There are 2 protein chains.
Amino acid sequence: MRHKLSITMLALWLACSGAMAQEAIFERRDQGSPRFNADGTVTLSLRAPEAQKVYVVGDCVEGQRAEMKKDGDRWSYTTGQLAPELYNYRFVVDGVEALDPSNIERSRDVRSFMSTFIVTKEVGDQGYLYGNHDVAHGNMAQVWYDSPQLGIQRRMSIYTPAGYDKGKNYPVLYLLHGAGGDEEAWPTLGRVQQIMDNLIALGKAEPMIVVMPNGNASDDASPLLSGLARKDRPKTSYEKSFDDIMKYVENHYKVKKDAASTAVCGLSMGGYHTFMISNLRPGRFNYIGLFSAAIRMGNDNRASLREQLANDPEANKMISSVFAAKPSLYWIAIGREDFLKDQNDTYRAYLDQKGYKYEYFESAGGHIWRNWRIYLSMFAPRLFK
Amino acid sequence: MRHKLSITMLALWLACSGAMAQEAIFERRDQGSPRFNADGTVTLSLRAPEAQKVYVVGDCVEGQRAEMKKDGDRWSYTTGQLAPELYNYRFVVDGVEALDPSNIERSRDVRSFMSTFIVTKEVGDQGYLYGNHDVAHGNMAQVWYDSPQLGIQRRMSIYTPAGYDKGKNYPVLYLLHGAGGDEEAWPTLGRVQQIMDNLIALGKAEPMIVVMPNGNASDDASPLLSGLARKDRPKTSYEKSFDDIMKYVENHYKVKKDAASTAVCGLSMGGYHTFMISNLRPGRFNYIGLFSAAIRMGNDNRASLREQLANDPEANKMISSVFAAKPSLYWIAIGREDFLKDQNDTYRAYLDQKGYKYEYFESAGGHIWRNWRIYLSMFAPRLFK
């Protein structure tokens, strides 16, 4: 006697689809986009017989935006040859944005959604790192913790590597998002599960716990899970309250607590947070990464960073203490077209002048997720070795 | 000295937006939809000056589909007065579907996306149960486990209630999705985090662990996280391999393992799985719930359920054993318009004839998520009391 839901039965259900239209499983979806061509180009297409004009926008589109061509009922656009990467796009149909109905891969960036696809050519290339492969997988959790300093219950995402349950303690990377983002930004747009699973499986990164908190001190969680629209101002800053996060992680996860096993990095506002969190706790983090960071001291909003560094003795003392503790890696990365590049140049000139040891990586492009994924895939392999 | 990222600074960044267009945070989004009106109606609208014709489809729309009216650059539609519920909709712009760009609430049903919103009038109503409130929150995790019986590593979602870390053991509900769905279906469309947090906070349900596995024996995970496109057929059925899931949960979570602390329920194909999983393990589950279940024995695809129940002694023996163990609750729920209603009627007639004790709930509507959320919110409060 065999107990399985037969393919026949499923097929029968599906065959009923047109007549009943009860749930999405029965719905016919558009198909065939994106199509990966043998010559390394990708064709994006959309069935839209009634549309007057269809554009495609995205980072795989030449000039970021192109008019699509109509052939029969379908509009299409073929990209140039694409290097291994994760790409995004969406359609604009008679002035209204539409995601690709053929493609379930899409991600949210703050309030904006894009369809996405990955180009990969060989194991270990940039696209490969972002893809799902048959390797040992870590787990992802969304956990709520008490933040006594902020006075609310807050949510964060935590990645634990494959094998975590086997008993030993792991090093921890605190990975911080940018302004407008939340605790879902790195796990989704940042492809953290994929990058870490793949880097670890390839033997390029040490197994580690990755903690992705919500960096907005007024919020309890991503707007998709938020239960608290806070009206009062938080009692302290996120950077100071960061102890609440570290304490929760150290009490609930099997972590190594020494500085050599602790790293922090973040993008944009999360780079600012990284800067301040490490300044406030010299010697606590052996690895510090500023990704397209907003760099400034929090004490005077009117002064430029240059003025702050020149005139604020307390700022100088904090930074001096961080470097006196000799972190193994103080890593600064930014895109050549990033609007925060001047600020980073200023900060690097200051570090050079003081003789503080750091490493610098300058990429192409601006203030974009593509860069932050790349930076993570470069930074993580440097940790805990 | 105060260390906070100033509002001024954020405002400055945002002000730069038009000029730089580097990331989504800088992007202006459409706004103002959905708008909740004082009279209990909801206005859905979309800016689309160039569109020729815009429809809105969804379960909040009278007749499921309506033409929208253009006023200036905006198209709009106002619903009738809506009862507390979670509603879905999307726009069709010159024949192409588009989600509401003003609304970040959207969910995936297999390959289909809809915008969603919640109507709630008072604490405890159906819409309230699906919303995020300032209550103690449980955690959600996506974990990978070994399934020796299916021969692959597989992914499931697990909810642990607030207070889980305090040491005691919890009862477990295994909650199964339908055909085409995956381990993300109940957590997203099913609003499990919200329903469980709210029911527990209201004192209506016992704190429990909720396990949501992937019910497709050939898949390792949701297509969004899948690393394995399996070519061979699984060595056994999902229902038989279910021991792998229970074993993982019992080894990795603080669970009560007795039948009185174990429940299983599922929708559609997950109802079939529930039926077979409980048939194969009489006395193991004290609470069994069939939500719009596909009910049949797996051994003969050609015979009708009626014929199977009449002629298959083994089927009769299995079902008899389940009821001989006297489960506290054997709950059957289905919508009046569900295409599986006949099958459920047949099964209930059989149970009645045999004198097997069950409870029955018949709702309005068909084979839809609205019903399954309602069923969960009715079933969970009955468990472990």
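From a predicted model like this one, the values you see are computed outputs, not experimental measurements.

Colleague: How should I be thinking about the overall build of chain A in this particular structure?
Modeller: Across its full length, chain A holds 11 helices and 18 strands. Taking 2.2 N^0.38 as the reference for a compact globule, 385 residues should give roughly 21 Å; the C-alpha atoms of chain A span a radius of gyration of 23 Å, in line with that estimate. Judged by the C-alpha coordinates and their principal axes, chain A covers about 70 × 55 × 45 Å. A buried classification covers 61% of the 385 residues belonging to chain A. Within chain A, contacts between residues separated by at least 24 positions form 72% of all contacts whose residues are at least 6 apart in sequence. By element, 48% of the accessible surface of chain A is carried by carbon and sulfur atoms, the whole surface being about 15100 Å². Of the side chains in chain A, 47 bear a positive and 45 a negative charge, and the two mean positions are spaced by 3 Å.

Colleague: Would you take a moment to explain the confidence of the model for chain A for this structure?
Modeller: Segments scoring low in pLDDT should not have their predicted coordinates read at a detailed level. Residue and element names in this part refer to chain A. Summary statistics for chain A give a mean pLDDT of 90 and a share of 91% for residues scoring 70 or more. For residues 1-26, every residue scores under 50 in pLDDT, and the model assigns this stretch 58 contacts once sequence neighbours within four places are set aside. Here the prediction assigns the complex a pTM of 0.92, and the interface score ipTM is 0.91.

Colleague: Which parts of the structure should I look at to understand the environment of Tyr272 of chain B?
Modeller: Mapped onto the secondary structure, Tyr272 of chain B falls in helix H7 (residues 269-280). Taking C-alpha positions, Tyr272 of chain B is 16 Å from Gly335 of chain B, a pair spaced 63 residues apart along the chain.

Colleague: Please clarify how the sheet that holds strand E6 (residues 74-78) of chain A should be interpreted in this entry.
Modeller: Picture the strands of a sheet paired through backbone hydrogen bonds; they go either parallel or antiparallel. Residue and element names in this part refer to chain A. With respect to topology, four strands assemble into an open sheet ordered E1-E2-E6-E5, the strand pairing being antiparallel. The open sheet terminates on both sides in strands that have one partner only, identified here as strand E1 (35-36) and strand E5 (69-71). The sheet contact formed by E1 and strand E2 (residues 42-47) spans two bridges and is antiparallel. Bridge pairing in E2 links Arg35 to Thr43.

Colleague: What should I look at first to understand the pairing of E2 of chain A in this one?
Modeller: Side-chain direction in a regular strand flips from residue to residue, so the side chains alternate between the two faces of the sheet. All names here are of chain A. Burial analysis of E2 places five of its six residues in the buried class, which makes it a mostly covered element. As paired strands, E2 and E6 are joined by five bridges and run antiparallel to one another. Following the sheet pairing, Leu46 is matched in E6 by Trp75.

Colleague: Would you mind showing me how to read the packing of helix H5 (residues 192-201) of chain B against helix H11 (residues 369-379) of chain B here?
Modeller: Residues and elements named next belong to chain B. Their axes nearest at 10 Å, the elements H5 and H11 cross at an angle of 30°. Between H5 and H11, the crossing angle belongs to the class labelled roughly parallel. Considering the relative orientation of H5 and H11, their crossing is right-handed. Note on element contacts: H11 touches H5 through Arg373, Leu376 and Ser377, opposite Val192, Ile195 and Leu199. Partitioned by chemical class, the residues of the contact of H5 with H11 number four nonpolar, one polar and one charged.

Colleague: Help me understand the environment of Glu122 of chain B in this model?
Modeller: With respect to the helices and strands, the residue Glu122 of chain B is situated in the loop between strand E10 (112-119) and helix H3 (126-130). Residue classification places Glu122 of chain B among the exposed residues on the basis of a relative accessible area of 55%.

Colleague: Whenever I open this one, the side chain of Asn371 of chain A confuses me. Can you help?
Modeller: Residue and element names in this part refer to chain A. Here Asn371 shows up in helix H11 (residues 369-379). What makes Asn371 buried here is its relative accessible area of 3%. The contact partners of Asn371, leaving out residues within four places of it in the chain, are Gly335, Ser363, Ala364, Gly365 and Gly366.

Colleague: Explain the packing of aromatic side chains to me, please; I cannot follow it from the model alone.
Modeller: Centre-to-centre distance and the angle between the planes together describe a pair of aromatic rings. Taken as a whole and judged by the stated rule, the model has 51 aromatic pairs over all chains. Taken together, a centroid distance of 5.8 Å and an interplanar angle of 80° make the contact between Phe36 of chain B and Phe117 of chain B edge-to-face. Here Phe36 of chain B is found in strand E1 (residues 35-36), whereas its partner Phe117 of chain B is found in strand E10, with 81 residues between them in sequence. When the centroid spacing of 6.1 Å and the interplanar angle of 85° are considered together, the rings of Phe361 of chain B and Tyr375 of chain B count as edge-to-face. Here the residue Phe361 of chain B occupies a position in strand E18 (residues 359-363), and Tyr375 of chain B occupies one in helix H11, the gap between them amounting to 14 residues. Just above the ring of Tyr170 of chain A sits the side chain of Lys168 of chain A; from NZ or CZ to the centre is 5.2 Å. Its guanidinium or amino end placed over the ring of Phe113 of chain A, Arg106 of chain B lies 3.6 Å from that ring's centre, counting from NZ or CZ.

Colleague: Would you take a moment to explain the environment of Val135 of chain A for this structure?
Modeller: Looking at where Val135 of chain A falls in the secondary structure, it is placed in the loop between helix H3 (126-130) and strand E11 (139-147). Expressed as a C-alpha distance, the spacing of Val135 of chain A and Gly95 of chain A, which sit 40 residues apart in the sequence, is 42 Å. In contact with Val135 of chain A, other than residues within four places in its own chain, are Tyr128, Asp197, Asn198 and Ala201 of chain A together with Gln153 of chain B.

Colleague: I would appreciate a short explanation of the sheet that holds strand E6 (residues 74-78) of chain B in the present structure.
Modeller: Read across the sheet, four strands follow the order E1-E2-E6-E5 (chain B) without closing on themselves; strand pairing throughout is antiparallel. Single-partner strands in this sheet number two, and they are E1 and strand E5 (69-71) of chain B.

Colleague: Is there a simple way to think about the packing of helix H6 (residues 238-252) of chain A against helix H7 (residues 269-280) of chain A in this case?
Modeller: A packed helix pair is summarised by two numbers, namely the angle formed by the two axes and the spacing between the axes. Residue and element names in this part refer to chain A. Close contact between H6 and H7 brings their axes to 9 Å; oriented N to C, the two are set at 70°. On the basis of the axis angle, H6 is roughly perpendicular to H7. Across from Tyr238, Glu239, Lys240 and Phe242 in H6, the residues of H7 making contact are Tyr272, His273, Met276, Ile277 and Leu280. Its residues placed into classes, the contact of H6 with H7 shows six nonpolar, one polar and two charged.

Colleague: Just to check I follow, could you spell out H11 of chain A for this structure?
Modeller: Every α-helix winds through 3.6 residues per turn, so residues three or four apart in the chain are directed the same way. Extensive coverage of H11 of chain A is indicated by the burial of nine of its 11 residues. Restricting attention to buried positions, one finds in H11 of chain A the residues Trp369, Asn371, Trp372, Arg373, Ile374, Tyr375, Leu376, Ser377 and Phe379 of chain A.

Colleague: Just checking my understanding: could you explain unusual backbone geometry for this structure?
Modeller: Glycine aside, a negative phi is what most residues show, and trans is what most peptide bonds show. All names here are of chain A. For the bond from Ser33 to Pro34, the omega torsion is -5°, close enough to zero to count as cis. As for its placement among the helices and strands, Pro34 is situated in the loop between helix H2 (17-20) and E1. Of note, Gln64 is a non-glycine position whose phi angle comes to about 70°, a positive value. Tracing the backbone through its elements, the reader meets Gln64 in the loop between strand E3 (54-58) and strand E4 (65-67).

Colleague: What is the right way to look at the pattern of salt bridges in this model?
Modeller: Between side chains of opposite charge, a pair can form as their charged atoms come close. Residues and elements named next belong to chain A. One pass over the full model with this rule turns up 30 salt bridges over all chains. Of the charged contacts in the structure, one is a salt bridge between Glu183 and Arg155, with a shortest N-O distance of 2.7 Å. One end of the pair, Glu183, is in the loop between strand E13 (172-176) and helix H4 (185-188); the other, Arg155, is in strand E12 (residues 152-160), with 28 residues separating them in the sequence. Note on Glu183: relative accessible area 0%, which makes it buried. Ionic pairing is found between Glu362 and Lys341, a salt bridge with its closest N-O pair at 3.5 Å. Residue Glu362 is located in strand E18 (residues 359-363), and its partner Lys341 is located in helix H10 (residues 341-354); the two are separated by 21 residues in the primary sequence. Classification of Lys341 by relative accessible area gives buried; the value is 15%.

Colleague: It is not clear to me how the nonpolar core should be interpreted in this structure. Could you clarify?
Modeller: A general tendency of soluble globular proteins is for nonpolar side chains to be buried together. Tyr330 and Tyr347 of chain A together with Tyr330 and Tyr347 of chain B are the most contacted members of the largest nonpolar core, which totals 104 residues. If sequence neighbours within four positions are ignored, Tyr330 of chain A has contacts with Phe275, Ile288, Leu290, Val322, Phe323, Tyr347, Leu351, Lys357, Tyr358 and Glu359 of chain A. Residues Ala98 of chain A together with Val54, Leu82 and Tyr89 of chain B belong to the second largest nonpolar core, which totals 44 residues.

Colleague: Explanation requested: the pairing of strand E7 (residues 85-93) of chain A in the structure shown.
Modeller: All names here are of chain A. For E7, the tally of buried residues reaches eight of nine residues, placing the bulk of the element in the interior. Two strands pair when backbone bridges link them, and E3 and E7 are joined in this way by five bridges, in the antiparallel orientation. Considered in E7, the bridge of Val57 is made with Arg90. With five bridges connecting them, E7 and strand E10 (residues 112-119) associate as antiparallel partners. Note that in E10 the partner of Tyr89 across the bridge is Ser115. Taken together, the three bridges between E7 and strand E8 (residues 96-98) define a ladder with antiparallel strand orientation. Paired with Phe91 across the strands is Ala98, a residue of E8. Linkage of E7 to E8, two consecutive antiparallel strands, is achieved through a turn of two residues, within which Asp94 is found at a positive phi near 45°.

Thresholds applied
- Residues numbered from 1 in each chain as written.
- Chains lettered and ligands numbered in written order.
- Predicted model: local features only at pLDDT ≥ 70, side-chain atom pairs only at ≥ 80, totals over all residues.
- Heavy atoms only, no water.
- Helix = DSSP H or I, 4+ residues; strand = E, 2+ residues; numbered from the N terminus.
- Rg over C-alpha atoms; globule rule 2.2 N^0.38 Å.
- Buried < 20%, exposed > 50% of the residue type's maximum accessible area, 1.4 Å probe, protein only.
- Contact = heavy atoms within 4.5 Å.
- Areas by Shrake-Rupley, 256 points an atom, 1.4 Å probe, with all protein chains shown as cover.
- Lys, Arg positive; Asp, Glu negative; His and termini not counted.
- Charge placed at Lys NZ, Arg CZ, Asp CG, Glu CD.
- pLDDT = per-residue confidence, 0-100.
- Pairing = 2+ DSSP bridges.
- Axes fitted to C-alpha atoms, helices over the stretch in contact; angles between N-to-C directions.
- Parallel < 35°, antiparallel > 145°, perpendicular 65-115°, else oblique.
- Left-handed = near helix turned anticlockwise from the far one by under 90°.
- Nonpolar A, V, L, I, M, F, W, Y, C, P; charged D, E, K, R; others polar.
- Phe/Tyr/Trp six-rings, centres within 6.5 Å; stacked < 30°, edge-to-face > 60°.
- Lys NZ or Arg CZ within 6 Å of the ring centre and 35° of its normal.
- Salt bridge = Lys/Arg side-chain N within 4 Å of Asp/Glu carboxyl O.
- Core = buried A, V, L, I, M, F, W, Y, C linked by side-chain atoms within 4.5 Å.

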